[in-house]
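# Fold and geometry: a report
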Amino acid sequence: MRELAKSTIREIKSSKGRYLAIFFIIALGVGFFAGLCTCRPSFVKTAEKYFDQQNFYDYCLRSNVGFGKDSAEAFLENKEIAAVQGVCYEDVLAAVDGNDVVFRVYSVPENINELRLVSGRMPAADGECVVDEAYFKEDVLGDTISFSDANRESTKSAFRHLEYTVVGTVSSPLYISSDRGTTSLGDGTIKAFLFVKEECFTADYYKELYVVLKEREEIYSEAYRENILEKKQMITEIGQKQAETRIKNLLMQSQKNNVSSLAAEQSNTASVYVLTRDENAGYASFEQDSKIIENISVVFPVFFFLVAALVCVTTMTRMVDEQRTQIGVWKAMGYSKLAVSSKYLFYSGTAGLTGSIIGFFTGTFLIPMILWYAYRSAYDFAERPEYIFDWKMFLICTAIAAFCTAGTALFCCQKELSEMPASILRPRMPQNGKRVFMEKLKGLWQRIGFLHKVSLRNAFRYKKRFFLIVFGISGCTALLLTGFGIRDSVQGVTDYQYGEITLYDAEVTFVKSMEKEERQEFLERHADNIRETVFLSECSVDAKLGKRKKSTKLVSVVDGELENFFHLRHNNEDVAYPKDGEIILCTGIADGIGAKVGDTIVLVGSLFQEVSVTVSGIFDNYIGNYLFVSERTMAQLEEEVSSAAYIHFYKDSDFERIKNKDSGEESLLTELLKDETVGHVALSTEYKKKVETSFASLDLVVLLIIVCAGILAFIVLFNLININIGERLREIATLKVLGFFSSECSAYVFREVDLLTVIGALCGLVFGKFLHSFVMSQVSPGNICFDERIAWGSYIASVAATLVFAWLVKLAMQRRLKEINMTESLKSVE
Amino acid sequence: MIDKYTGGMTMPEFIAFEHVGKTYKVGEVEIQALKDASFSVEKGEICVIVGASGAGKTTILNILGGMDTMSAGKVWLDGQEISGYDEKQLTAYRRYEIGFVFQFYNLVPNLTALENVELAVQICKDHLEPAQMIQEVGLGERAGNFPAQLSGGEQQRVAIARALAKKPKLLLCDEPTGALDYNTGKAILKLLQDTCRKSGMTIVIVTHNSALCDMADRVIRVKSGTVQSVTTNQKPVPVEQIEW
Ligand SMILES: Nc1ncnc2c1ncn2[C@@H]1O[C@H](COP(=O)(O)OP(=O)(O)OP(=O)(O)O)[C@@H](O)[C@H]1O
Ligand SMILES: [Mg+2]
């Protein structure tokens with residue numbers, strides 16, 4: 001046995017390249033798989049740690065009358081509630097660099113949604129505040145923020161001071177994303193938050209109550225959601241009682257003082273809203289974004305494992321093949337089957353195991369780190385992600401790695417070992433030459449130069465070698481194409497949506513249903529700004545076909561032509577606006593309920609009233625879901641509708657009136673928002689930006705895929721060419737003896753590899769196209785349909801990158817060719 | 001000074017080995033495969049190198065054929081010094097001047113007999129017609145067969161055709177009959193002898209069968225890396241008449 005062990009160690013030393021190929025491919029496969037799989041758990045744990053540390057809320061209660069400052073006690077009587085925190089807040093306009101921007105000013109919470117101090121200190125005196133670290137730079141410390149005169153009287157009177165000295169910068173768990181929410185002030189978006197001491201607010205009540213339960217399930221888990229849903233009723237009831245108590249107190253007060261309290265009069269009945277974490281923009285979008293990575297992590301690693309298995313199988317087959325005679329000798333000397341195969345088991349097993357272990361730890365450490373780095377542009381609440389070690393995953397990876405390496409080694413040996421030693425010792429029948437199909441085309445074949453003929457015949461003759469190289473290369477090209485394609489699709493979505501489908505500058509939602517005269521008046525009021533408008537009415541419905549159902553927005557045009565605002569088309573053909581009794585669906589809904597043109601679907605309203613309509617068309621739309629019907633069909637549904645309008649502003653070129661070019665659209669927006677009938681204005685450019693930032697993390701994932709595909713391509717090619725050369729040592733040595741110069745020699749060997757590489761790359765394009773559309777269907781988050789188009793540049797780039805990788809490998813292999821020793825390779829038969 | 005082996009001022013030797021040494025380094029150990037080996041061969045001769053296994057016959061042939069380098073001494077072929085060649089020159093030397101025949105034929109398995117010959121002449125400027133060469137070694141009917149479809153003797157004929165088609169100055173054969181039976185071996189040797197007599201090509205044959213000495217013009221005996229004796233045969237016997 002000692003001799004066998006020595007022979008094994010020597011084997012590893014003498015074939016470092018092969019040993020390392022197995023090691024690296026396993027490390028890469030396992031690392032990539034485990035790394036991507038750990039991302040989501042790691043990110044969720046990071047978020048959980050942060051949210052736990054800051055004591056993030058479970059429920060947020062609001063009522064039309066607020067809550068008395070003593071309501072906390074009533075909540076705390078309940079055994080299941082751990083903490084309650086009341087907060088006051090107010091949106092204010094404040095002057096920053098001469099412009100009025102909107103801030104939301106909160107009272108500093110004590111035990112829920114705790115702030116994290118980034119610089120400076122917490123406010124200690126009345127006139128001090130801490131500010132949003134994402135908006136303010138550190139040099140703001142010591143500055144004074146003063147609320148603008150333009151604020152409403154009611155806003156001004158809500159505060160004891162209108163000027164605050166900044167003493168610190170903070171982050172709040174309520175705002176982990178860049179989204180700071182909307183408001184009815186200013187341009188409608190809140191720029192930053194401020195925290196002041198509770199005493200700075202004049203109100204004697206809280207606007208919001210935050211509640212934390214004692215029971216803590218893992219965040220984003222089903223268990224957490226169920227627990228929250230289960231106890232929501234109980235929380236609502238306590239909140240309801242508190243709000244009613246407050247009304248009673250208000251009434252008593254007003255009777256006592258003999259003045260009519262506005263609040264008490266307005267609200268004889270208390271209404272309480274209970275929000276959960278899902279209504280927090282940052283918390284919810286973090287979950288969405290981390291899901292995208294999870295979906296990707298399912299698809300790609302499977303691929304990597306396939307290729308890893310392929311590399312192991314070919315390598316081990318080749319190795320056992322080479323050592324056929326040796327195996328015979330060991331056997332002839334009386335070593336047992338197990339003893340002989342243990343050499344190959346050990347060889348491949350150690351490469352696989354060490355590869356798996358090193359790959360696992362590197363991958364699970366590095367990949368979440370890299371992706372977190374991309375995340376930090378959107379969610380900046382932790383320096384680095386939590387490291388997660390998942391025993392189960394480790395065991396699975398190691399088991400698969402062992403199976404791919406030692407398993408294939410065993411399998412490959414089995415055939416040789418079951419032969420009698422004598423027959424193994426005899427050289428194997430040399431492989432018979434055969435003609436390839438192309439030689440039947442006499443005319444063509446005769447035109448090809450001799451050496452090219454040889455390459456062609458070599459390329460097509462050996463089915464196994466042909467298949468391996470073509471498969472390996474096509475895998476790399478497919479991965480690259482998928483990587484590039486994801487970028488195209490993601491970029492395509494916003495470009496296509498906002499460049500070619502939704503053409504309007506802004507969507508206005510009105511506070512009530514607008515009659516014809518009101519619409520006219522609205523247009524007259526804004527005649528200076530609005531160039532073109534189409535009025536719509538909208539409501540929410542369920543679209544149902546058979547058992548499948550989707551909630552979506554139903555839209556009908558009331559006044560104007562949709563054409564210039566929303567381009568209805570599908571497969572590059574225009575789609576006609578539906579007639580009465582007809583409907584057109586966006587692709588997302590059509591796919592979701594499986595509807596085709598000509599189907600009859602049912603629209604279900606909020607009171608379960610139903611209307612049947614025929615699908616007259618399907619139109620492309622990527623962000624958000626819409627259905628369009630005629631005004632009369634909309635009326636048939638008898639649903640309460642709200643009015644909206646798509647708007648084109650005047651452009652600079654239309655009019656020379658825009659004074660402040662930097663905030664052209666924003667100033668128009670402010671003016672629109674001042675209109676009493678307007679509830680909300682969504683600028684397309686703003687919306688586009690929002691969607692794009694949420695895709696930003698995907699970009700790095702793509703980069704990661706491309707880099708990994710590159711490494712993969714390198715390993716696969718290196719290994720295959722290495723094996724190819726190994727199999728043809730005698731042939732190459734013969735060429736050298738015949739006096740082929742080294743350049744001619746490599747041309748002879750590599751011409752065939754080149755041909756197979758090109759074939760592989762072309763196959764990879766087809767393969768990649770399918771992989772890409774599969775991946776896109778997997779990663780699609782909720783209401784966004786990805787455009788499955790891949791840009792021409794990406795096809796070219798993935799083929800070019802593959803060829804470059806192949807070229808690099810060839811460069812490295814040139815040395816190997818040079819080192820082939822003629823005299824030694826030609827000495828014996830095998 | 002006139003060396004006794006390159007001696008004759010009137011006629012320079014075709015092949016000249018001068019004090020050639022070859023040392024292999026295997027780890028720490030140095031193996032002396034050749035020590036101070038000197039001999040010469042004249043143009044158009046059949047030269048047989050005999051010696052026991054491990055004596056250094058193959059080493060001599062490899063050095064002579066430009067497949068290996070020497071550690072000491074000089075080698076001349078037709079007035080050119082090979083010992084000073086760099087790798088590229090050696091390749092060109094093998095390409096234009098030398099034909100090889102090996103014990104194990106070393107045909108390219110996925111080329112037909114004819115194509116194996118074509119492969120060699122692809123890179124030569126002046127060469128013989130491959131089809132004709134195949135004909136000459138008696139394989140006209142089998143030109144389209146792949147090596148695996150040919151017997152050992154037939155494969156060796158293809159190998160000889162491949163070597164001869166290049167029109168080499170020197171044909172080197174290392175145990176050309178080593179893997180063949182008696183009669184087939186004889187036929188191969190006859191082919192070689194006939195070729196030499198007909199075309200005047202110089203041939204060096206390595207063997208450990210001393211019976212073959214009778215067919216040679218010149219016999220070089222090698223023992224443990226040194227040349228023991230160089231004898232010339234005034235009356236070489238045709239191969240058919242030799243028995244062993
Ligand atoms: N690559 C090598 N490395 C180390 N030693 C070598 C090498 N090649 C040959 N030798 C040694 O050089 C000596 C001469 O070898 P060579 O092959 O020339 O013998 P040979 O006369 O051809 O024997 P045979 O009749 O068995 O073929 C031998 O002792 C051998 O061990
Ligand atoms: Mg020998």
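Residues numbered from 1 in each chain as written. Chains lettered and ligands numbered in written order. Predicted model: local features only at pLDDT ≥ 70, side-chain atom pairs only at ≥ 80, totals over all residues. Heavy atoms only, no water.

## So, the overall build of chain B
Here is the rule we go by: Counting from the N terminus, the helices are DSSP H or I runs at least four residues long and the strands are E runs at least two residues long. Radius of gyration here uses only the C-alpha atoms, and the compact-globule reference equals 2.2 Å multiplied by the residue count raised to the power 0.38. Only protein chains enter the accessibility calculation, which uses a 1.4 Å probe; a residue whose area is less than 20% of its type maximum is buried, one above 50% is exposed, and one in between is partly exposed. Here, two residues are considered to be in contact whenever any of their heavy atoms come within 4.5 Å of each other. Where accessible areas are quoted, they stem from the Shrake-Rupley method and a 1.4 Å probe; at the residue level, only the protein chains shown are allowed to cover. Just so you know, the count uses Lys and Arg for positive and Asp and Glu for negative, and it drops His and the chain ends. Throughout, a charge is located at the NZ atom of Lys, the CZ atom of Arg, the CG atom of Asp or the CD atom of Glu.
In terms of regular secondary structure, chain B is built from six helices and 10 strands. Against the compact-globule benchmark of 18 Å for 244 residues, chain B has a radius of gyration of 18 Å, which places it among compact chains. Projected onto its principal axes, the C-alpha coordinates of chain B cover approximately 55 × 45 × 40 Å. When burial is assessed residue by residue, chain B has 53% of its 244 residues classed as buried. Partitioning the contacts of chain B with sequence separation of at least 6, the portion at a separation of at least 24 is 70%. Total accessible area on chain B is roughly 10600 Å²; 48% of this is exposed by carbon and sulfur atoms. Taken together, the 25 basic and 29 acidic charged side chains of chain B have centroids lying 1 Å from each other.

## A few points about the packing of aromatic side chains
Residues and elements named next belong to chain A. Using the following cut-off: The aromatic pairing rule takes the rings of Phe, Tyr and Trp, using the six-membered ring of Trp, and pairs them if the centres are within 6.5 Å, calling planes under 30 degrees apart stacked, those over 60 edge-to-face and the rest tilted.
Going through the model one piece at a time under the given rule, you end up with 56 aromatic pairs over all chains. Ring plane angle 50° and centroid distance 5.5 Å describe the contact between Phe51 and Tyr283, whose orientation is recorded as tilted. Of this pair, Phe51 sits in helix H2 (residues 16-53) while Tyr283 sits in helix H7 (residues 281-322), placing them 232 residues apart in sequence. There is no split in this pair, since Phe51 and Tyr283 are both buried. Pairing Phe619 with Phe628 gives two aromatic rings, centres 5.6 Å apart and planes at 50°, and the pair type is tilted. Like Phe619, the residue Phe628 is buried in the burial classification.

## Quick word on the domain arrangement of chain A
Residue and element names in this part refer to chain A. So the rule is basically this: For the domains described, the bounds stem from an automatic or database domain assignment. Any carboxyl oxygen of Asp or Glu within 4 Å of a side-chain nitrogen of Lys or Arg constitutes a salt bridge here. In protein, a polar contact requires one atom able to donate a hydrogen and another able to accept it; more generally it is a pair of N or O atoms within 3.5 Å, and residues adjacent in sequence count only if both atoms are side-chain atoms. Residue type decides the class: Asp, Glu, Lys and Arg count as charged, Ala, Val, Leu, Ile, Met, Phe, Trp, Tyr, Cys and Pro as nonpolar, and the leftover types, Gly among them, as polar.
Domain parsing of chain A yields domain 1 (52-283), domain 2 (462-493 + 686-830) and domain 3 (512-676). On a C-alpha basis, the centres of domain 2 and domain 3 stand 47 Å from each other. At the interface, nine residues of domain 2 touch eight residues of domain 3. Linking domain 2 with domain 3 are zero salt bridges. On the surface where domain 2 and domain 3 come into contact, there are zero residue pairs in polar contact (both at pLDDT 80 or more). Examining the composition of the side of domain 2 that touches domain 3, we find that three residues originate from one element, helix H19 (residues 684-727), more than from any other. Its residues assigned to classes, the side of domain 2 that touches domain 3 comprises six nonpolar, one polar and two charged.

## Observations concerning unusual backbone geometry
In the Ramachandran plot, A:Asn113 falls in the positive-phi region, its phi being about 50° despite a non-glycine side chain. Within the fold, A:Asn113 resides in the loop between strand E4 (99-107) and strand E5 (116-120). Even without glycine at this site, B:Asp78 takes up a positive phi of about 50°. If you trace the backbone, B:Asp78 turns up in the loop between strand E4 (72-77) and strand E5 (80-81).

## Thoughts on the site of ligand 1
Stated formally: In this text, near means that some heavy atom of the residue lies within 4 Å of the molecule or strand in question.
Neighbouring residues of ligand 1: 15 residues in total, closest B:Ser53, B:Gly54, B:Lys57, B:Thr58 and B:Thr59. Ligand 1 sits at a junction of chains, with neighbouring residues supplied by chains A and B. Between ligand 1 and B:Ser53, the relevant distance is 2.4 Å, taken from an oxygen atom to a side-chain nitrogen or oxygen of the residue. Within the side chain of B:Lys57, a nitrogen or oxygen atom sits 2.8 Å from an oxygen atom of ligand 1. The fraction of the free accessible surface of ligand 1 (630 Å²) that becomes covered by protein chains is 71%. Where the shell around ligand 1 is concerned, the elements lending two or more residues are strand E1 (15-26), strand E2 (29-41) and helix H1 (57-64) of chain B. By residue number, the principal contributor to the shell around ligand 1 is H1(B), which donates three residues. Split into classes, the residues belonging to the shell around ligand 1 amount to six nonpolar, five polar and four charged.

## Side note on the interface of chain B and chain A
Under the convention used in this document: The term buried area refers to how much accessible surface (probe radius 1.4 Å) is lost by two components on association, counted for both of them together.
Contacts between the two partners involve 29 residues from chain B, matched on the other side by 31 residues from chain A. Carbon and sulfur atoms supply 63% of the area buried between chain B and chain A, which totals about 2700 Å² over both sides. With its nearest N and O atoms 2.7 Å apart, the salt bridge here joins A:Glu744 to B:Arg95. For the pair chain B and chain A, the number of links is five residue pairs in polar contact (both at pLDDT 80 or more). Those elements that provide at least two residues to the side of chain B that touches chain A are helix H2 (87-97) and helix H3 (113-121) of chain B. It is H2(B) that contributes the most residues to the side of chain B that touches chain A, five residues altogether.

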